[in-house]
There are 2 protein chains.
Amino acid sequence: MSVLLQVDFPYAGPWGDTMSEAMRELAESIAREPGLQWKIWTENRDAGEAGGIYLFADRTSAEAYLRMHRARLLGFGVPRVNAKLFDVNQTLSAIDRAPAGE
Amino acid sequence: MSVLLQVDFPYAGPWGDTMSEAMRELAESIAREPGLQWKIWTENRDAGEAGGIYLFADRTSAEAYLRMHRARLLGFGVPRVNAKLFDVNQTLSAIDRAPAGE
């Protein structure tokens, strides 16, 4: 059953197109992570935060990714990483047109 | 440009199929909210939390929904509501197969 991983952290830029350029190779490597169905990249310039919403095929993949990614972000100099894992309620999500897997 | 709304809060159940049954009408009403593209319903029984990840067509719709939904949740007895709004980086999200709209 799909597992949703919600991550956000303080972030000082780059933003928008410059962020896209700077993070392209990282995004390409994330696309190859075991169990990843998709990631939405999030950014809020006004709040000084960025993050991601991920859907994984199972909890084991999501937890393994989070361990690696948290260490990577701290290595990038991010001061703290907020992360939560959730099961997806498929029945309610389907009513609300969600792209939430199986 | 699509705006992502991330919401979570302390929650004591019901969970799973019982939650689906209890919240069906609410999900049907949320499907009709102005500007909503989709909502993923999230739940974590071990952590005692639930929430939602929403994609809206624009920031105005997302902010209006959040004001209404926060008041509704507090009315349900939820002690606090964690909510963050983000822009979606479409280029990076597309690389990671995300269903993140335009």
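An unreviewed UniProt entry annotates chain A as Monooxygenase originating from Thauera linaloolentis.

Once that is clear, we can look at the interface of chain B and chain A. Counting residues at the interface gives 40 residues for chain B, matched by 40 residues for chain A. Both faces combined, the contact of chain B with chain A buries some 3600 Å², and carbon together with sulfur accounts for 55% of it. Between the two partners, chain B and chain A, sit 32 residue pairs in polar contact (both at pLDDT 80 or more). Secondary structure elements with two or more residues in the side of chain B that touches chain A: β1 (3-10), α1 (16-31), β2 (36-44), β3 (49-56), β4 (82-88) and α3 (90-95) of chain B. A class-by-class count of the residues in the side of chain B that touches chain A yields 20 nonpolar, 10 polar and 10 charged. Of the strand pairs in this sheet, strand β4 (residues 82-88) of chain A and β2 of chain B are connected by 2 bridges, and their pairing is antiparallel. Residue pairing across strands places Asp-87 of chain A opposite Glu-43 of chain B, the latter belonging to β2 of chain B.

This part covers unusual backbone geometry. Residue and element names in this part refer to chain A. With an omega of 5°, the peptide bond running from Gly-13 to Pro-14 counts as cis. Note on placement: Pro-14 falls in the loop between β1 (3-10) and α1 (16-30). Positive phi, close to 60°, is recorded for Arg-97, a residue that is not glycine. On the secondary structure map, Arg-97 appears in the segment after α3 (90-95). Classification of Arg-97 as partly exposed rests on a relative accessible area of 42%.

With that settled, the discussion passes to the environment of Asp-8 of chain A. Assignment of secondary structure puts Asp-8 of chain A in strand β1. Here the alpha-carbon distance between Asp-8 of chain A and Val-81 of chain A, two residues 73 residues apart in the chain, equals 6.2 Å. Contact partners of Asp-8 of chain A, with chain neighbours within four places excluded, come to Glu-49, Ala-50, Gly-51, Val-81 and Asn-82 of chain A together with Gln-6, Lys-84 and Phe-86 of chain B. Side chain to side chain, Asp-8 of chain A and Asn-82 of chain A meet in a polar contact 2.8 Å long. Separated by 2.8 Å, the side chains of Asp-8 of chain A and Gln-6 of chain B make a polar contact.

You can overlay chain B on chain A at an RMSD of 0.0 Å; the transform is a turn of 180° with a shift of 0.0 Å along its axis. Considering both components of the superposition, the chain copies are consistent with a two-fold axis. Relative to the rotation axis, the closest C-alpha in chain B is found at Pro-99 of chain B, a distance of 3.3 Å. A symmetric contact is evident, with 100% of the interface residues of chain B recurring at the interface of chain A.

Of all residues in chain A, 98% have pLDDT values of 70 or greater, and the mean over the chain is 96. Predicted as a complex, the structure gets a pTM of 0.96 and an ipTM equal to 0.96.

In this section: the sheet that holds β4 of chain A. Taken in spatial order, the 8 strands line up as β1(A)-β3(A)-β2(A)-β4(B)-β1(B)-β3(B)-β2(B)-β4(A) and close into a barrel, and their pairing is antiparallel. Between one strand axis and the next, the sheet turns by 30° as a mean value, whatever way the strands run. Pairing between β1 of chain B and β4 of chain B: 6 bridges, direction antiparallel. Its bridge partner being in β4 of chain B, Gln-6 of chain B is matched across the sheet by Lys-84 of chain B. Strands β2 (36-44) and β3 (49-56) of chain A of the sheet are contacted by α1 of chain A, whose axis makes an angle of about 160° with β2 of chain A. Along the sheet face, helix α2 (residues 59-75) of chain A touches β1, β3 and β4 of chain A and points at about 10° away from the line of β1 of chain A.

Parameters and conventions
- The residue numbering used here restarts from 1 in each chain and proceeds along that chain's sequence as written.
- For this description, chains carry letters from A and ligands carry numbers from 1, given in the order in which they are written.
- In keeping with the predicted nature of the model, local features appear solely for residues at pLDDT of at least 70, side-chain atom pairs appear and are counted solely at 80 or more, and the whole-chain, interface and lining totals rest on all residues.
- Excluded from the side-chain calculations are hydrogens and water; all other atoms, namely the structure's heavy atoms, are used.
- By definition in these notes, contact holds between two residues if any of their heavy atoms fall within 4.5 Å.
- Buried area: the accessible area, evaluated with a 1.4 Å probe, that two parts lose upon being put together, summed over both parts.
- Residues adjacent in sequence count toward polar contacts only when both atoms are side-chain atoms; beyond that, a polar contact is any pair of N or O atoms within 3.5 Å, and within protein one must be able to donate a hydrogen and the other to accept it.
- Secondary structure counts use DSSP, requiring at least four H or I residues in a row for a helix and at least two E residues in a row for a strand, with both numbered from the N terminus.
- Any residue that is not Ala, Val, Leu, Ile, Met, Phe, Trp, Tyr, Cys, Pro, Asp, Glu, Lys or Arg is counted as polar, Gly included; the first ten are nonpolar and the last four charged.
- Here, strands pair whenever DSSP counts at least two bridges between them.
- For every residue, the accessible area obtained with a 1.4 Å probe (protein chains only) is divided by the maximum for its type, and the residue is called buried under 20%, exposed over 50%, and partly exposed between those limits.
- Here the copies are matched by least squares. The fit uses the C-alpha atoms of residues with pLDDT of at least 70 in both.
- The predictor attaches a confidence to each residue, called pLDDT, with possible values from 0 through 100.
- To define axes, lines are fitted to C-alpha atoms, for helices over the stretch in contact only, and angles between the resulting N-to-C directions are given on a 0 to 180 degree scale.

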